Amino acid sequence: MKHSVSLAIALLSLAMPVDATQIITPAEASRVVSSGSVVTFAPVYRVLAPEQGLETGLGLRVHFNASALQFNGVSGLFAYGVQPAGEVMVDTEDFDADATTDRYVILAWVDVMAQWPGTDELPLTLGAVSFEVKNGFVGTTYLRTTAIDTADGAAFQSTPMQLDCTAAPQVALKLKGLLQGAYVSVDGLMRDSLRSNGLLPMSQPYSAWGYAGNETTTAALLATTGADAPVDWVLVELRDKADGKTLLASKAALVQRDGDVMDATTGSNTLGFAGVAAGNYYVALRHRNHLGLLSATALSLSATPTTLDFSQATTQVYGKDVRSVQGSVRLLPTGDANHDNKLIAGGLNNDKNIVLSKVLTDPSNLDIRTNFQLQGYYDSDLNLDGKTLYVGLDNDINTLLANILLAPDNTTTSTNYILLGSLPASGSTP
Ligand SMILES: [Ca+2]
Ligand SMILES: [Ca+2]
Ligand SMILES: [Ca+2]
Ligand SMILES: [Ca+2]
């Protein structure tokens, strides 16, 4: 391994085009992370060069602070000319002029024909260097890159990645819930049509509810397929153990096809609530157009994750159990297009008309047809298939109607029945 790295360094000393500038920037410029979380540093390569940007290669040191970060390994290295990754070295010479970054690892690519990187598709992500934030480290640290050799006039520029490390959350939760609108019983999974149609927003959509969080997700997580593919954004709330109404903390997250709620940024199925002390809290799971649920009792939450699975029949919920029954699983009922915590199909404030008016008033529905299909990420898309549809196959109304007609207390099977959600109102939001 050492031999290859030495070879790489030697070969990089060969002629480089005069005035070439090799540039490394991190895929993410900065991140807020907590103790124990995994950080990926992905160097992105560009070049400013007179001769089509072709080089003999690139040798990088990735510098880090060993008091803050544990080096985990390197994966997904750009293949052309890649050399085996070196072991962790002590930065005695302080190549990056940052005394706090006391270690480095070497990544190197070499091409004796000086055709590197062998592609003109720049910028190029060179790989992923993985670290874990050490327990107990709180503060700011940097991942910096320096070049092993920039011989013969080639210049090197790099931008560090900034990590702001916070204390590990004192409250962690593993939460699960299934959304009826998206649930496909033959699969036992929810559909991810919003994601696969590119409709799922990168930022949390609950600002309209007065939620001011700045959660965002990543292109990599939105590219996930299979049972862990993201279905939609949900809102998780911690409420006061005294009444279940007083909101104490909120977090927007993504729910996966199998119902696991994941951190939108890291993809972890453990949700941490920064700045919340361990203790007893009611836990709510809410969605844009489904009735929300609250835990039956205040749960004891601590740094060790507490599990709450609303999809299990054995999991009790607060108030009347309004969950939809599908075989052995339980679902958050869909249909609350105007999010007033009620499902109404006829009369004042009904959800059916929200869907109808959304379809009829869209400017592209020139003929004002009731069977118009409106593509997009809208609360009126009650089955989360990426389109709002009032009548016809896969319309957004039938499940809403069924939830009302089949409600256990709707003894007269009336379309005017109002199905009240069981989630108690908190503050200004229903
Ligand atoms: Ca250093
Ligand atoms: Ca999962
Ligand atoms: Ca409603
Ligand atoms: Ca739909």
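Fair warning: this is a prediction, and the values are worked out from it, not measured in the lab.

### Concerning the overall build of the protein chain
(1) Moving on: Counting its regular elements, the protein chain contains five helices and 30 strands.
(2) Moving on: For the protein chain, with 430 residues in total, the buried portion stands at 41%.
(3) Moving on: In the protein chain, the share of contacts with a sequence separation of at least 24, taken over all contacts with a separation of at least 6, comes to 71%.

### Quick word on unusual backbone geometry
(1) Moving on: In this structure, the amide linkage connecting Trp116 to the following residue, Pro117, adopts the cis form with an omega of 5 degrees.
(2) Moving on: If you trace the backbone, Pro117 turns up in the loop between strand E8 (103–110) and strand E9 (124–125).
(3) Moving on: Between Leu122 and Pro123 the backbone carries a cis peptide bond, its omega angle lying at 0 degrees.
(4) Moving on: Its place among the elements puts Pro123 in the loop between E8 and E9.
(5) Moving on: With a phi angle near 60 degrees, Asp394 is a residue other than glycine that sits in the positive phi range.
(6) Moving on: As for its position among the elements, Asp394 is in the loop between strand E29 (387–388) and helix H5 (398–405).

### Some points on helix H4 (residues 351–360)
(1) Moving on: Where H4 is concerned, the buried positions are Asp351, Lys352, Ile354, Val355, Lys358 and Val359. End-on, the buried residues of H4 take up no more than an arc of 165 degrees, which puts them together on one face.

### Here we look at the sheet that holds strand E7 (residues 89–90)
(1) Moving on: The six strands lie next to each other as E2-E13-E11-E5-E8-E7, forming an open sheet whose pairing is mixed. This sheet does not close on itself; its edge strands, each paired only once, are strand E2 (30–34) and E7.
(2) Moving on: Judged from the eight bridges that link them, strand E5 (residues 57–64) and E8 form a sheet pairing that is antiparallel. Among the inter-strand pairings, Val62 is bridged to a residue of E8, identified as Val105.

### Section: the environment of Asn350
(1) Moving on: Position of Asn350 among the secondary structure elements: in the loop between strand E27 (342–344) and H4.
(2) Moving on: Sequence separation between Asn350 and Ile418 is 68 residues, and the spatial gap between their C-alpha atoms is 9.1 Å.
(3) Moving on: Apart from the residues within four sequence positions on either side, Asn350 is in contact with Ile344 and Ala345.

### Looking at the domain arrangement of the protein chain
(1) Moving on: On domain assignment, one finds that the protein chain holds domain 1 (2–166), domain 2 (172–331) and domain 3 (342–420).
(2) Moving on: For domain 2 versus domain 3, the separation of C-alpha centres amounts to 23 Å.
(3) Moving on: Listed as interface residues are 18 residues of domain 2 and, on the opposing side, twelve residues of domain 3.
(4) Moving on: The set of elements that each furnish at least two residues to the side of domain 2 that touches domain 3 consists of helix H2 (193–196) and strand E17 (230–240).
(5) Moving on: Of the residues in the side of domain 2 that touches domain 3, the class split is nine nonpolar, six polar and three charged.

About the cut-offs
Residues numbered from 1 in each chain as written. Chains lettered and ligands numbered in written order. Predicted model: local features only at pLDDT ≥ 70, side-chain atom pairs only at ≥ 80, totals over all residues. Helix = DSSP H or I, 4+ residues; strand = E, 2+ residues; numbered from the N terminus. Buried ≥ 20, exposed ≤ 12 C-beta atoms within 10 Å, placed from the backbone. Contact = placed C-beta atoms within 7 Å. Arc of directions from axis to C-beta. Pairing = 2+ DSSP bridges. Domains from an automatic or database assignment. Nonpolar A, V, L, I, M, F, W, Y, C, P; charged D, E, K, R; others polar.

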